[in-house]
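Tertiary structure, described
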Amino acid sequence: MGSTGAERAAKCVFLAAICSVCQSLQGGMLFPTESPSREVKDASGLWRFRADFSPDRNRGFEQEWYKSPLAETGPVIDMPVPSSYNDITQDAKIRDFIGWVWYEKDVWVPARWIQDRGTRIVLRVGSAHYYSVLWVNGVKVTEHVGGHLPFEADISGVLRQSNANPCRITIAVNNTLTLETLPPGTIQYMNDRTRYPAGYFVQNINFDFFNYAGIHRSVLLYTTPKVHIDDITVETTFSDNIGLVSYNVSVLGSSKPAVKVTLSAHDGRCVASANDTRGVLKVTDVNLWWPYLMHENPAYLYSMEVQATAEDGQTDVYTLPVGIRTVKVTSTQFLINNKPFYFHGVNKHEDADIRGKGFDWPLVVKDFNLIKWMGANSFRTSHYPYAEEILQMADRHGIVIIDECPGVGIKDIRSFGNASLAHHLTVMEELVRRDKNHPSVVMWSVANEPAAEMPPAGFYFKELVSHTKSLDSTRAVTYITDSNYARDLGAPYVDVICVNSYFSWYHDPGHTEIISIQLNTQFDNWYGKYKKPIIQSEYGADAVPGLHSDPPMMFTEDYQKTVLQNYHNVFDQKRKEFVIGELIWNFADFMTAQSITRVVGNKKGVFTRQRQPKAGAFLLRERYWRIANETGVLPTWARYPCQ
């Protein structure tokens, strides 16, 4: 049966929602902070919300909902920002909604911001999933393709032209995924009228986590002077006791700004300074940034204050934390500050009850406390960039990060086309631009479990890895593979081999006795072919909390523990050779789409979704602290007493 007019219109809307021209990014994306020249106003909180349930999901644009208060267009409900909208109501149609949703909030802008024409007013959205269009007082100010990364617009002119206060902020967000989005997906129309109503469609995905949607991070208004610091890039190294900080400052609004850069220690002492937009700061008796449990003084951060003064005397001030450290990769080791580093950590998700992927400080602090309690020293931002505040926490606590882009579920050969590659390159540019100055970030991951054996994958990942290295040559680049070692076309281009495998779970389920032989074979095959260090980037088994069986059976805590122990036996052999890390899948249980293989989400966490430990968490805690005591230089307070 052919598509109806409404279905064809819906397809057009879905395709148009992700179409954009891939261009080099212009400008920086410094995290908004207050200073003598900058103010920040948080517009988070309760917003008005409406989902567009029209057959083609396009009524909001046709009727121009952004031109008037949203409540005048139809029924609205309260919606917290940041949060995913899916689990906030009791309505399954909202939980599973695909298409355009509309947010609106009235925000008071300080009068002095508007009256002072030397002040630049910026509206920033930390993340909205997936495609967003933003209006202020009915005027479109920007749009953005992709979730998980920030976007912003200078709204000074709009506010001063309309002279309206409070200003009305409207954001339309569409969570539709196509073959060219990251992550990709497809819309499938069910045209059998004996089984489905007219216009019925489903969103198909190839990833194992719930496609949460909405405004997931804070919405901020912030100010800068017209002549302002737009971007800062920092690269660090050291020789003996001398630290070297290479910096590059971009200032907009002035052709000849006077720039002063001052680097200060913890106690406020100035340890180096310079007067130019670019240069090298030399730090004597440097305190290096070390990972947690690797040094008696981990996570040392200097404070770099940048002042840019315009010809008229107006000054902008921005302060950036700086950790001085190096990253190197050999054929068998991963080196931080020229010392071997072994990743003993976790994979995570931004996921929790009710809030979905919405940023939540209590949850973030709890997770970091649990990570440190375990003796973990690292995590991977599976399978997308996490909130900037999380990376800031990692910087301060010495937790090492593998920073992953949303390239998960690239399984269809059509997702290796030119349009997909162009978008993927842009996403990596946005990610590197945002996270390039975080000392905790030591590696970029450009994808997770792509169909790397497909013919286009070789060119695709050669271009992607090469482009990422051109953006940042100071960190390693990888992608996470579950392909056959002999047919993986992208592996030749990465610095570190990251392998996911689930022996005795997805393969030979129930047979933990085969883990040793299969895991040893896996490691020997990958290293034998590529001669690159290997991280076991995922391994594990589902465990329903409180479920036990002896002898162990699948889905019990006992089985999960047994699987982990068998993997650990092999890790202990191979980390003497070329295995440089192990990351458990997963830190905590998380929500997935409904299916016959998932009982209210994925249960591979060693903590429940509510952050309560399973038996596996205690096993990992004992193991990770033992490894830390073998490989690190720990302060007395950090030596795990196994009590």
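Here goes a summary of the coordinates provided. Please read these numbers as outputs of a predicted model, since none were measured by experiment. (Residues numbered from 1 in each chain as written. Predicted model: local features only at pLDDT ≥ 70, side-chain atom pairs only at ≥ 80, totals over all residues. Heavy atoms only, no water.)

1. Topic: the side chain of glutamate 388
- Within the fold, glutamate 388 resides in helix α7 (residues 388-397).
- What makes glutamate 388 buried here is its relative accessible area of 6%. (Helix = DSSP H or I, 4+ residues; strand = E, 2+ residues; numbered from the N terminus. Buried < 20%, exposed > 50% of the residue type's maximum accessible area, 1.4 Å probe, protein only.)

2. Considering the pattern of salt bridges
- Evaluation of the coordinates by the stated rule reveals 36 salt bridges.
- In this structure, aspartate 542 engages arginine 598 in a salt bridge whose closest nitrogen and oxygen atoms are separated by 4.0 Å. Linking aspartate 542 in the loop between β31 (534-538) and α11 (557-574) with arginine 598 in the loop between β32 (579-584) and α12 (615-631), this pair joins segments that are 56 residues apart in sequence. Judged on exposure class, the residue aspartate 542 and its partner arginine 598 are both buried.
- Among the salt bridges present, the one from lysine 604 reaches aspartate 542, with a minimum N-O distance of 2.6 Å. Placement of lysine 604 in the loop between β32 and α12 and of aspartate 542 in the loop between β31 and α11 is noted, with a sequence separation of 62 residues between them. Here the two residues lysine 604 and aspartate 542 agree in accessibility, since each one is buried.
- Counted as one network, the salt bridges with shared partners bring together Asp572, Arg575, Glu582, Arg623, Arg626 and Glu630. (Salt bridge = Lys/Arg side-chain N within 4 Å of Asp/Glu carboxyl O.)

3. As for the nonpolar core
- Of all hydrophobic cores here, the largest spans 99 residues; its most connected members are Met374, Phe379 and Phe461.
- Leaving out residues up to four positions away in the same chain, phenylalanine 379 has contacts with Val346, Lys348, Phe368, Ile371, Tyr386, Ile390, Ile399, Val400, Ile401 and Ile402.
- Formed by 52 residues, the second largest nonpolar core is a distinct cluster that contains Tyr302, Ala310, Met443 and Cys498. (Core = buried A, V, L, I, M, F, W, Y, C linked by side-chain atoms within 4.5 Å. Contact = heavy atoms within 4.5 Å.)

4. Here we look at the packing of aromatic side chains
- Overall, the coordinates contain 41 aromatic pairs when judged by the stated rule.
- Between tryptophan 100 and tyrosine 131, the ring centres sit 5.6 Å apart and the planes meet at 75°, which makes this aromatic pair edge-to-face. Highlighted residues: tryptophan 100 in strand β4 (residues 100-107) and tyrosine 131 in strand β7 (residues 131-136), separated in sequence by 31 residues. Here tryptophan 100 matches tyrosine 131 in class, with each residue buried.
- With 5.2 Å between their ring centres and 85° between their planes, tyrosine 539 and phenylalanine 571 make a pair best called edge-to-face. You can see tyrosine 539 sitting in the loop between β31 and α11 and its partner phenylalanine 571 sitting in helix α11, a full 32 residues away along the chain. (Phe/Tyr/Trp six-rings, centres within 6.5 Å; stacked < 30°, edge-to-face > 60°.)

5. Here we look at the side chain of threonine 481
- If you trace the backbone, threonine 481 turns up in strand β29 (residues 476-481).
- For threonine 481, a relative accessible area of 3% gives the class buried.
- Within the structure, threonine 481 has its side chain in polar contact with the side chain of aspartate 488 (distance 2.5 Å).
- Setting aside chain neighbours within four positions, we find threonine 481 in contact with Asp488, Cys498, Val499, Asn500 and Trp526. (Polar contact = N/O pair within 3.5 Å; in protein donor to acceptor, adjacent residues only side chain to side chain.)

Everything listed is a geometric property; what it means functionally is a separate question.
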